[in-house]
Amino acid sequence: MKIGSENNLKIEQIPCLDDNYGYVVHDPETGATASIDTPEVAPINAVLAERGWTLTHILNTHHHFDHAGGNEALKAQWQCRIIGAANDAARIPGIDMRVSDGETFDFGSRSVRVLEVPGHTSGHIAFYFCEEGAVFVGDTLFALGCGRLFEGTPEQMWGSLSKLMALPDETVVYCAHEYTQANAAFALSVEPQNKALQARAKEIDRLRASGLPTVPTSIGRERETNPFVRVHSAHLQETLELSGGDPVAVFAETRRRKDHF
Ligand code: ZN
Ligand code: FE
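Let us look at the structure shown here. All values reported here derive from a predicted model rather than from experimental measurement.

**So, the pattern of salt bridges**
- Tallying each qualifying case throughout the model produces 17 salt bridges.
- Note that Arg91 and Asp88 form a salt bridge whose closest N and O atoms lie 2.7 Å from each other.
- Of the residues examined, Arg91 reaches a relative accessible area of 31% and is grouped as partly exposed.
- A relative accessible area of 6% means that Asp88 is categorised as buried.

Laid out in structure tokens, this is it:
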């Protein structure tokens, strides 16, 4: 952890499109500035202009248009370096640097670890800023939810969520969508007995009524309230009629029910 708040990594959360969040991350020591995904060019540029930052990097979590759709325009404007998954390079527009699971790369004076988290797409990755305890998870883990399985199996997604849940409880989780209120309704339907979830759902309603974001979240908060990572909960298993079921089966059934909720 760096000493002195003036040196702390700056993170700007940027509402984009209907319900996306883009993020711009700035290292004051070196001036390095990254857009984590590129859902929409104009609001990202507005933050850069307001702060007087120069975009040096784009870090893509996955290829979907609401995550990589602004790559080419931003690269043409800023000549920034685009970092994305090696195993999905063909679908990341303008990619310069291909990264794989467990690899660490320098971003300014910081180091960022790549976590492969397939399931939503086959080439989905997360970016873990180790010293800051911040992780950018794209569409893999949401506040009270997880991404739909467009290209992966429940086994893969369960492995990906488990990898994220192995990070320290206090890790701040930056999700790419504001889906929390709808996720809370589903979570309460499958684990209505969960007191922490009940309290969180009320807090979410308060925040949304004031037009405030419910993101970021933390690993610890998700561990207590997110049904997709609570496959060991006896109450959840009971709802699903899978008491004693193995984690992948409980996860798969939770995801299936959410798809039809
Ligand atoms: Zn997506
Ligand atoms: Fe998305």
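**Digging into the environment of Pro213**
- Relative to the assigned elements, Pro213 resides in the loop between helix H6 (195–209) and strand E14 (217–218).
- Judged by its relative accessible area of 37%, Pro213 is partly exposed.
- With sequence-adjacent residues up to four places away left out, Pro213 is seen in contact with Gln13, Tyr21, Glu178, Leu207 and Arg208.

**Some details on the coordination of the zinc ion (ligand 1)**
- Protein ligation of the zinc ion (ligand 1) involves His62 (NE2), His64 (ND1), His120 (NE2) and Asp139 (OD), the donor distances falling in the range 2.2 to 2.3 Å.
- For the zinc ion (ligand 1), the 4 donor atoms in the first shell make angles of 87 to 172° at the metal, a pattern classed as irregular.
- The sequence pattern describing where the donors of the zinc ion (ligand 1) fall on their chain is H-x1-H-x55-H-x18-D.
- A separation of 3.2 Å is found between the zinc ion (ligand 1) and the iron ion (ligand 2), which are bridged by Asp139. Placement of the pair is His62 in the loop between strand E4 (57–59) and helix H2 (65–68) and Asp139 in the loop between strand E10 (134–138) and strand E11 (141–142), with a sequence separation of 77 residues.

**Describing the coordination of the iron ion (ligand 2)**
- The coordination sphere of the iron ion (ligand 2) contains the protein donors Asp66 (OD), His67 (NE2), Asp139 (OD) and His177 (NE2), at a distance range of 2.1 to 2.4 Å.
- Here the donor residues of the iron ion (ligand 2) share one chain and are spaced in sequence as D-H-x71-D-x37-H.

**Let's talk about the sheet that holds strand E9 (residues 125–129)**
- Across the sheet, which stays open at both edges, the 6 strands sit in the order E7-E8-E9-E10-E13-E14 with mixed pairing between neighbours. Here the strands that pair on one side only, and so sit at the sheet edges, are strand E7 (104–107) and E14.
- With 5 bridges connecting them, strand E8 (residues 110–116) and E9 associate as antiparallel partners. Its bridge partner being in E9, Arg113 is matched across the sheet by Tyr128.
- The strands touched by helix H4 (residues 154–165) are E8, E9 and E10; relative to E8, the strand with the most contacts, the crossing angle is about 150°.

**Observations regarding the side chain of Ser160**
- With respect to the helices and strands, Ser160 occurs in helix H4.
- Judged by its relative accessible area of 2%, Ser160 is buried.
- For Ser160, the residues in contact, after removing those within four places along its chain, are Glu116, Val117, Pro118 and Thr140.

What counts and how
- Residues numbered from 1 in each chain as written.
- Chains lettered and ligands numbered in written order.
- Predicted model: local features only at pLDDT ≥ 70, side-chain atom pairs only at ≥ 80, totals over all residues.
- Heavy atoms only, no water.
- Salt bridge = Lys/Arg side-chain N within 4 Å of Asp/Glu carboxyl O.
- Buried < 20%, exposed > 50% of the residue type's maximum accessible area, 1.4 Å probe, protein only.
- Helix = DSSP H or I, 4+ residues; strand = E, 2+ residues; numbered from the N terminus.
- Contact = heavy atoms within 4.5 Å.
- Donors = N, O, S within 2.8 Å, 3.2 Å for Na, K, Ca; no water.
- Tetrahedral: all angles 85-135°; square planar, octahedral: opposite > 155°, others 65-115°.
- Pairing = 2+ DSSP bridges.
- Axes fitted to C-alpha atoms, helices over the stretch in contact; angles between N-to-C directions.

Everything listed is a geometric property; what it means functionally is a separate question.
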